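Below are the chains, spelled out letter by letter.
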Amino acid sequence: MERQVRTRFAPSPTGYMHIGNLRTALYEYLIAKSQNGKFILRIEDTDQERYVEGAVDVIYNTLELCGMKHDEGPDIGGPYAPYVQSQRKDTYLPYALELIEKGHAYYCFCSKERLDALRAECEKKNQTFMYDRHCLNLSKEEIEEKLRNKEPYVIRQKMPREGTTTFEDVVYGTITVDNSTLEDQILIKSDGLPTYNFANVIDDHLMNITHVVRGSEYLTSTPKYNLLYEAFGWEIPVYVHLPLIVKPDGSKISKRKGDASFEDLLQMGYLVEAIINYIALLGWSPDTNQEIFTLSELEKVFNIKNISKSPSAFDMDKLRWFNAQYIRAKTPEEFYELALPYLKKSITNKEIDLFKVSRLLHTRTEVLTEIPSKVGFFNELCDYDLNIYVHKKMKTTLENSLNSLKEALPVLEGIQDWNETSIHDSLIALVERLGIKNGQMLWPIRTAITGWEVTPGGAIEIADILGKNETLRRIRIGIERLEKALAATE
RNA sequence: GGCCCCAUGGUCAAGAGGUUAAGACACAGCCCUUUCAAGGCUGCAACGGGGGUUCGAGUCCCCCUGGGGUCACCA
């Protein structure tokens, strides 16, 4: 009987949900859920200098929004609590001491200054710096004395000097490195807290994590972790290293360069489902050609086997397309809810029925934030260039536009029950009576009542939303302006 | 620079020795049409290079090139 799959999302609380991190969380969640396993949240806050207020909430919120419910974590507890490394402070040292006992680690009293000097020297000689094991051969007495004197110390892992270390990664295969390239990395820092390198091994073991899923940037340090597992005699987890998500130019996404975080994308008008769907497919592909997946569908079809090895570029255009797909899949009511905040902000005219506007916008919106730029004409009619009445394909000119508006005015005035159907029927009847093309009537009207060359919706829908009075008022303005312009050219 | 990893259209990607080398985004064109969308159809476009192995290589091996990662008392 196989062990139950347990994966963990172990972010460092920096207050910034990197898109690559989010995808790691997603894959960890999916690996667990696709195999009826557990998804655990663990906070890796062993670097007290990087503490950011409220950062943990960003993590909770993100998981919550995305629907990735963790089975164990700081907020909900679990059989392996606590799930915050700073709260597990005291669990690591004994393990480090055990390693010293076994000869796999040692005390190091070297000062930061000494190390910096060493590093600088190496740099000057163009060599790769590696700790010189200065403290490896300290005698028992020397060590005890230094400890008694409360000299600050770290504990370092003692790497084998010869041979190679090999580990298996389920996506990258077998990876072997020369032990001589492995540095005696620090396990316990001088503040008593473990480094990530140590804490992740201890906690993953203690928490029974079966699949260690993380970005491929950890690939090169994995041999060191393996050596740790071996030193303790612990079972080595399944390693799942994920290819990086990069920018279109191939460079990596970074907070410092102002690259969009998950929160930023939401603010930019992207839907959670679209983001999740898109990043699920950045580095993994299903067995079919299906592209639209809900989280629960992913939970069923996700597999480690189809994770790719090469880095993938984050393509905003494709995300945008996914977003548009999700927007179109909403019901008119759902879309209205989503659009409302943007509509309220941009349409100040209280006469306007925002639901009707949202229906116009539904298939014309790819990202929520583009809504305001599309509806300004509902507020007021601005001055517009009369040349927009002239449209070759519509076969409209200034003259026939004026004529159409003049013909339309009394017809529209005569409509008692102002709605799309009545406007449509009256106008189409007029077109037939005049023997002109639809566009020759509807283009000038739309132009006159919006003043915009391009609008969501056509003359009829917009006239309906604007209301009878405002529509007539705008048409009269159009007539007046066209008459004036034509008179001037004669 | 050392070490590790990666390499199919501009992008995401199928492909697990024999295919006309899928599909999607983007782009272009056409249809529909009262503008713009949406929708439908069509098109453009790829195995980085060189050696092997094999009857046969995008698929396996080697070299080169290119890209990325990593070399902290950060994670």
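Residues numbered from 1 in each chain as written. Chains lettered and ligands numbered in written order. Predicted model: local features only at pLDDT ≥ 70, side-chain atom pairs only at ≥ 80, totals over all residues. Heavy atoms only, no water.

Student: Tell me about the protein's contact with RNA strand B, residues and numbers included.
Tutor: Not every one of the 61 residues close to RNA strand B is listed here, only the nearest: T46, K189, E291, R364 and G457. Considering the 4 Å shell around the protein, atoms of RNA strand B inside it are sugar or phosphate in 71% of instances. At a separation of 3.2 Å, a phosphate oxygen of RNA strand B approaches a polar side-chain atom of S312. At 3.2 Å, a side-chain N or O of K318 approaches a base nitrogen of RNA strand B. Looking at the surface near RNA strand B, the elements that each hand over two or more residues are β6 (173–178), α6 (196–206), β11 (312–313), α11 (316–329), α16 (438–450) and α17 (459–466). At five residues, α16 tops the list of elements feeding residues into the surface near RNA strand B. Considering only residue class, the surface near RNA strand B consists of 20 nonpolar, 22 polar and 19 charged. (Near = heavy atom within 4 Å. Polar contact = N/O pair within 3.5 Å; in protein donor to acceptor, adjacent residues only side chain to side chain. Helix = DSSP H or I, 4+ residues; strand = E, 2+ residues; numbered from the N terminus. Nonpolar A, V, L, I, M, F, W, Y, C, P; charged D, E, K, R; others polar.)

Student: Explain the side chain of Q440 to me, and be specific about the residues and the numbers.
Tutor: Examined against the element boundaries, Q440 turns out to sit in helix α16. What makes Q440 buried here is its relative accessible area of 14%. Those residues in contact with Q440, other than ones at most four positions away along the chain, are M394, K395, T396, N400 and S404. (Buried < 20%, exposed > 50% of the residue type's maximum accessible area, 1.4 Å probe, protein only. Contact = heavy atoms within 4.5 Å.)

Student: So what's going on with the sheet that holds strand β7 (residues 186–188)? Residues and values would help.
Tutor: Read from one edge to the other, the open sheet built from three strands follows the order β3-β4-β7, with strand pairing classed as antiparallel. Strands at the two margins of the open sheet, each flanked by one partner only, are β3 (105–108) and β7. Neighbour to neighbour, the strand axes of the sheet diverge by 40 degrees on average, direction disregarded. One ladder, built from four bridges, connects β3 with strand β4 (residues 154–157); its direction is antiparallel. The partner of C108 across the bridge, within β4, is V154. (Pairing = 2+ DSSP bridges. Axes fitted to C-alpha atoms, helices over the stretch in contact; angles between N-to-C directions.)

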